[in-house]
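Structural characterization, general
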Amino acid sequence: MDWLCIDFLNSDWRDWRGSGRGENRLENQEWLASFLQTYNLTAPLPMNEECAASLLQLRERLRRMLEAVVRGDRFQEEDLVELNRVLGLASFQVQVLYVEEEGGYRQKQSSSTEGWPLVMAQIAASFAELLAPQHLERIKICDNEDCRWVFYDESRNRVRRWCDDKMCGNLMKVRRFRERQKEKR
């Protein structure tokens, strides 16, 4: 399942192998273009410094809020106020369309707002949807301290600990194994 807000939060990339390297993908024009295209969003590139600062601030705030959710804590009131302010940047109207290729009807959101304010409002709306009770138990942050990737746990028992078993999961298992081997010596 793809979530706009989760991909946005993961734009703060960290090397999961522990090198300490990282990248703010909000500064990468290719990544931004791909992100916009993936979610069928339209905004001018390159973005101006004010938009870049607002997006970075939004990402930091949403991350802080998500970490609180994962810990089982409540949001700070100022974070909730700011989330609602960003949601208010754009009003959405829902339209129903018939899509011939899909052979059925589909909802489409439209707004008179455009550009980065609309993108930010859609990210906030995605985050607000993620906070619905049926999703809360499924929001996870990778247990690999070097990674800390946000993911949606689609496992039946909701017990996933790593963003990817083949990468972070395997790495963490190998690290624990090596640590046990050291202790035996």
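Up top is the structure.
Numbering of residues starts from 1 in every chain and runs along the sequence as written. Since the coordinates come from a predicted model, pLDDT governs what is reported: local features require at least 70, and pairs of side-chain atoms require 80 or more to be given and counted, while whole-chain, interface and lining totals use all residues. Values shown for side chains rest on all heavy atoms present in the structure; no hydrogens or waters enter the calculation.

1. Description of unusual backbone geometry
- Cis geometry is adopted by the peptide bond preceding Pro-46, which originates at Leu-45 and carries an omega value of -5°.
- For Pro-46, the position within the fold is in the loop between α2 (29-38) and α3 (49-71).
- At Arg-148, a residue that is not glycine, the phi angle is positive and equals roughly 60°.
- Each helix corresponds to a stretch of at least 4 residues labelled H or I by DSSP, and each strand to a stretch of at least 2 residues labelled E; elements are numbered beginning at the N terminus. Locating Arg-148 in the fold gives a position in the loop between β5 (139-141) and β6 (150-152).

2. So, the packing of α3 against helix α5 (residues 115-130)
- Note on geometry: axes are lines fitted to C-alpha atoms, helical ones only across the stretch in contact, with angles between N-to-C directions running from 0 to 180 degrees. It is the contact of α3 with α5, at a shortest axis distance of 11 Å, that shows an interaxial angle of 5°. One way to sum up the angle between α3 and α5 is to call them roughly parallel. Where α3 approaches α5, its residues Cys-51, Ser-54, Leu-55, Leu-58, Leu-62, Met-65 and Leu-66 are matched on the opposing element by Trp-116, Met-120, Ile-123, Phe-127 and Leu-130.
- The residue makeup of the contact of α3 with α5, split by class, is 11 nonpolar, 1 polar and no charged. Oblique is the label for any angle not covered by the other classes, which are roughly parallel (under 35 degrees), roughly antiparallel (over 145) and roughly perpendicular (65 to 115). Contacts are residue-level and defined by heavy atoms, with any inter-residue pair within 4.5 Å sufficient. Residues are grouped as follows: Ala, Val, Leu, Ile, Met, Phe, Trp, Tyr, Cys and Pro are nonpolar; Asp, Glu, Lys and Arg are charged; all remaining types, including Gly, are polar.

3. Quick notes on the layout of surface pockets
- Looking at the largest pocket, its volume works out to about 740 Å³.
- We place a 1 Å grid over just the protein atoms. Points where a 1.4 Å probe fits but has no way out form a cavity, open points with protein on both sides within 12 Å along at least 5 of 7 lines form a pocket, and any residue with an atom within 4 Å of a point lines it. Every residue lining the largest pocket is counted, 24 residues in all, and those nearest its centre are Tyr-39, Asn-40, Leu-41, Gln-109 and Gln-122.
- When residues of the lining of the largest pocket are traced back to their parent elements, those giving at least two are β4 (104-110) and α5.
- The dominant element in the lining of the largest pocket, judged by the number of residues it contributes, is α5, at 7 residues.
- Here the lining of the largest pocket is built from residues that sort into 8 nonpolar, 11 polar and 5 charged.
- Grid points are joined across faces, edges and corners, and a volume is the space filled by probe spheres set on the points. Considering only enclosed or pocket space, the second largest pocket measures out at about 160 Å³ in volume.

4. Here we look at the packing of aromatic side chains
- Side-chain rings of Phe, Tyr and Trp (the six-membered ring for Trp) are treated as a pair once their centres are within 6.5 Å; stacked means planes under 30 degrees apart, edge-to-face means over 60, and tilted covers the remaining angles. A full pass over the atoms with the stated rule returns 5 aromatic pairs.
- Note on Phe-8 and Phe-35: the rings are 6.5 Å apart at their centroids and 40° apart in plane angle, and the pair reads as tilted. In this pair, Phe-8 sits in helix α1 (residues 4-9) while Phe-35 sits in helix α2, placing the two residues 27 residues apart along the sequence.
- For every residue, the accessible area (1.4 Å probe, protein chains only) is compared with the maximum for its type, and the residue is labelled buried under 20%, exposed over 50%, or partly exposed between those bounds. Classification of Phe-8 by relative accessible area gives buried; the value is 1%.

5. As for the nonpolar core
- The nonpolar core is taken to be a set of buried Ala, Val, Leu, Ile, Met, Phe, Trp, Tyr and Cys residues, with the residues joined through side-chain atoms within 4.5 Å. One finds Leu-62, Trp-116 and Ile-123 to be the most contacted residues of the largest nonpolar core, which totals 36 residues.
- Mapped onto this core, the elements with two or more residues apiece are α1, α2, α3, α4 (77-87), α5, β5 and β6.
- Excluding anything up to four places from it in sequence, Ile-123 contacts Leu-4, Cys-5, Phe-8, Phe-35, Leu-55, Leu-58 and Leu-62.
- In this structure, Cys-142, Cys-147, Phe-151 and Trp-162 belong to the second largest nonpolar core, which totals 6 residues.

6. A look at the pairing of β4
- Should DSSP find at least two bridges between two strands, the strands are regarded as paired. Note: strand β3 (residues 93-99) against β4, 7 bridges, orientation antiparallel. What sits directly across from Tyr-98, in β4, is Tyr-105.

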